Amino acid sequence: MAPVGGPGAKKGILERLDSGEVVVGDGSFLITLEKRGYVKAGLWTPEAIVDHPDAVRQLHMEFLRAGSNVMQTFTFSASEDNMGSKWEDVNAAACDLAREVAGKGDALVAGGISQTSVYRHHKDEARVKKLFQLQLEVFIRKNVDFLIAEYFEHAEEAVWAVEVLKESGKPVAVTMCIGPDGDMCGVKPGECAVKLVKAGAAIVGVNCRFGPSTSLKTMKLMKEGLQAAGLQAHLIVQSLGFHTPDCGKGGVVDLPEYPFGLEPRVATRWDIQKYAREAYNLGVRYIGGCCGFEPYHIRAIAEELAPERGFLPPASEKHGSWGSGLNMHTKPWIRARARREYWENLLPASGRPFCPSLSQPDA
């Protein structure tokens, strides 16, 4: 199967999903750009889109080449309450840059909003919705293709986000940063999904906070909740690129390694191929990643689901399927690794003999 890529006729997000097409999302921006020296940990705000646009452009391009169908605007925490007077310039620049890169391939632009600090402190519906509305006005002016409300700990605030975004007439996706125990108020995943679909979301699921296996457990619960309620929606999963089986309800942020010591938990490309296949078998058709999810992880999704998509991404030109490129190695024991069975069954060591395999969450 030959790699393909480049501009072509673009179908909308719902047209793609309604036809059963696999949509590959993008991956990590804040964590990755922090490691590259362009984002400061703490508030995790995206000033880099204005201060260092080439760095953001490069990362968008890497995800596009790896197989992403969606260029999500780099607007996480870019609401007025987090960014003050910078918020509008950041949102506008993020839309322009995402559109520029999306135009180089068969990718759509998604305008993204996230949970607010106002909700956490005041739960003032009018103030929260006003913040969402301000960002939405920029997204409408820039004519993004669809909208994503992501990283919501509370179903109530996620519902408010959907209620605002659906007024645009554009398709709305929404993802919550929850695990199988549900949101921070005890609303179970299935109930969260029902509330979001009833509010007007066409695509629902989870992102961030939890690793691939835990995220898929939550997706199963969301799907079951929708089925029990007689509701239909497309499903989206964008997990961490880290393994987090020891997380509590708050997810990765409660682990003592967060955010500067997570590298030993990074998923391999083969872990992500398994994640992509399991997500697909669960009925999820919008599959991507969040923090820690690097371009090679996105390529792993695209390669695993290449039979369903009908093509490989451009980045596969430099990657042999299941290590097949190792057939060219001079050492026979390395050539012996050029097979799927080897990599599927490998139990990778951490190289840290005095470190535990699991941690105790701080909260």
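Small disclaimer: the values here were computed from a predicted structure and weren't measured.

There is about 1100 Å³ of room inside the largest pocket. Lining the largest pocket we find 37 residues, and of these His243, Arg265, Val266, Asp271 and Pro348 sit closest to its centre. Those elements that provide at least two residues to the lining of the largest pocket are α11 (212–229), α12 (269–282) and α16 (340–345). It is α12 that provides the largest number of residues to the lining of the largest pocket, a total of 7 residues. When grouped by side-chain class, the residues that make up the lining of the largest pocket number 16 nonpolar, 11 polar and 10 charged. Size it by volume and the second largest pocket reaches roughly 680 Å³.

This part covers the side chain of Thr73. Inspection of the secondary structure puts Thr73 in the loop between β2 (70–72) and α5 (80–83). Under the relative-accessibility criterion, Thr73 is labelled buried at 5%. Reaching out from Thr73, the side chain makes a polar contact with the side chain of Thr75 at a distance of 2.8 Å.

Moving on to the pattern of salt bridges. Here the structure, examined in full by the defined rule, presents 20 salt bridges. Note that Lys129 is salt-bridged to Glu125, the shortest N-O span being 2.9 Å. Taken together, the positions of Lys129 and Glu125, both in helix α8 (residues 125–141) and 4 residues apart, correspond to about one turn of that helix. On the accessibility criterion, Glu125 (36% relative accessible area) is partly exposed.

Moving on: the UniProt feature "binding site: Zn(2+)" (unreviewed entry) in the protein chain. Feature annotation in UniProt places "binding site: Zn(2+)" (unreviewed entry) on Cys208, Cys290 and Cys291, given in this structure's numbering. Spanning 84 residues, the named residues form one tight spatial group whose C-alpha atoms are at most 6.3 Å apart. Of the annotated set named above, Cys208, Cys290 and Cys291 line the second largest pocket. With respect to the element layout, Cys208 can be found in the loop between β6 (203–207) and α11.

Reading guide: rules and limits
Residues numbered from 1 in each chain as written. Predicted model: local features only at pLDDT ≥ 70, side-chain atom pairs only at ≥ 80, totals over all residues. Heavy atoms only, no water. 1 Å grid on protein atoms, 1.4 Å probe; cavity = no way out; pocket = protein on both sides within 12 Å on 5 of 7 lines; lining within 4 Å. Points joined across faces, edges and corners; volume = space filled by probe spheres on them. Helix = DSSP H or I, 4+ residues; strand = E, 2+ residues; numbered from the N terminus. Nonpolar A, V, L, I, M, F, W, Y, C, P; charged D, E, K, R; others polar. Buried < 20%, exposed > 50% of the residue type's maximum accessible area, 1.4 Å probe, protein only. Polar contact = N/O pair within 3.5 Å; in protein donor to acceptor, adjacent residues only side chain to side chain. Salt bridge = Lys/Arg side-chain N within 4 Å of Asp/Glu carboxyl O. UniProt positions renumbered as here; feature names shortened; annotations may be inferred.

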